[in-house]
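# Coordinates in review
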Amino acid sequence: MVFFFVVFLLSRARAVTACGEDVRLADYLSAHYCVVAPAIGAAGSAFAALAWAAVLFHVMSIVASGFFIPALENIAAYLGLPEDVAGATLLAFGNGAPD
């Protein structure tokens, strides 16, 4: 799976021809190849991307523990569900709710 992801990234990297012409919300490949990598190198850019991913996961865990878990506990207490059933059932429901 990782191999296919790396092949995809390398094929996409070859497709980046001009910097600054493509406007997107967050175009990480253009940022890597056009902005960050020329300044600090490819290894530094990869480290910066991994550090950014770690920050995003940390923020997501803070939001989940501050808002999602208390709401899950309240719903489980109201419905009289045990913790393991509430975790399996309501977490799956919460994950599919935006769809």
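The rules behind these values
- Residues numbered from 1 in each chain as written.
- Predicted model: local features only at pLDDT ≥ 70, side-chain atom pairs only at ≥ 80, totals over all residues.
- Heavy atoms only, no water.
- Helix = DSSP H or I, 4+ residues; strand = E, 2+ residues; numbered from the N terminus.
- Expected span 1.5 Å × (residues − 1).
- Buried < 20%, exposed > 50% of the residue type's maximum accessible area, 1.4 Å probe, protein only.
- Bend = angle between axes of the 7 residues up to and from the residue.
- Axes fitted to C-alpha atoms, helices over the stretch in contact; angles between N-to-C directions.
- Parallel < 35°, antiparallel > 145°, perpendicular 65-115°, else oblique.
- Left-handed = near helix turned anticlockwise from the far one by under 90°.
- Contact = heavy atoms within 4.5 Å.
- Nonpolar A, V, L, I, M, F, W, Y, C, P; charged D, E, K, R; others polar.

### Comments concerning helix H3 (residues 42–79)
Helix length check: H3 (38 residues) gives 52 Å between terminal C-alpha atoms against 56 Å at 1.5 Å per residue, within 8%. For H3, every residue scored as buried is listed here: Ser45, Leu72 and Ala76. The positive-phi residue at the C-terminal boundary of H3 is glycine 80, with phi of around 70°.

### Observations regarding helix H2 (residues 28–40)
Under the 1.5 Å per step criterion, the end-to-end length of H2 is only 15 Å for 13 residues, more than 12% shorter than the ideal 18 Å. Within H2, the axis deviates most sharply at cysteine 34, by approximately 30°, and proline proline 38 lies no more than four positions further along. Along H2, the residues classified as buried are Leu29, Ser30, His32 and Ala37. Within two residues after H2, glycine 41 carries a phi angle of roughly 95°, on the positive side.

### Digging into the environment of glutamate 73
Summarising the element assignment, glutamate 73 is placed in helix H3. Given a relative accessible area of 53%, glutamate 73 falls into the exposed group. Along the backbone, glutamate 73 and alanine 86 are 13 residues apart, and their C-alpha atoms lie at a distance of 8.0 Å.

### What to know about the packing of H3 against helix H4 (residues 83–96)
Geometry of a packed helix pair, given as the angle between the helix axes and the separation of the axes. Taken N-terminus to C-terminus, the directions of H3 and H4 make an angle of 115°; their axes are 10 Å apart at the nearest point. Taken together, H3 and H4 sit at an angle that is classed as roughly perpendicular. Crossing angle aside, the handedness with which H3 passes H4 is right-handed. Residues Phe68, Leu72, Ile75 and Ala76 of H3 form the contact with H4, whose own contacting residues are Ala86, Leu90 and Leu91. Tallied by class, residues from the contact of H3 with H4 come to 7 nonpolar, no polar and no charged.

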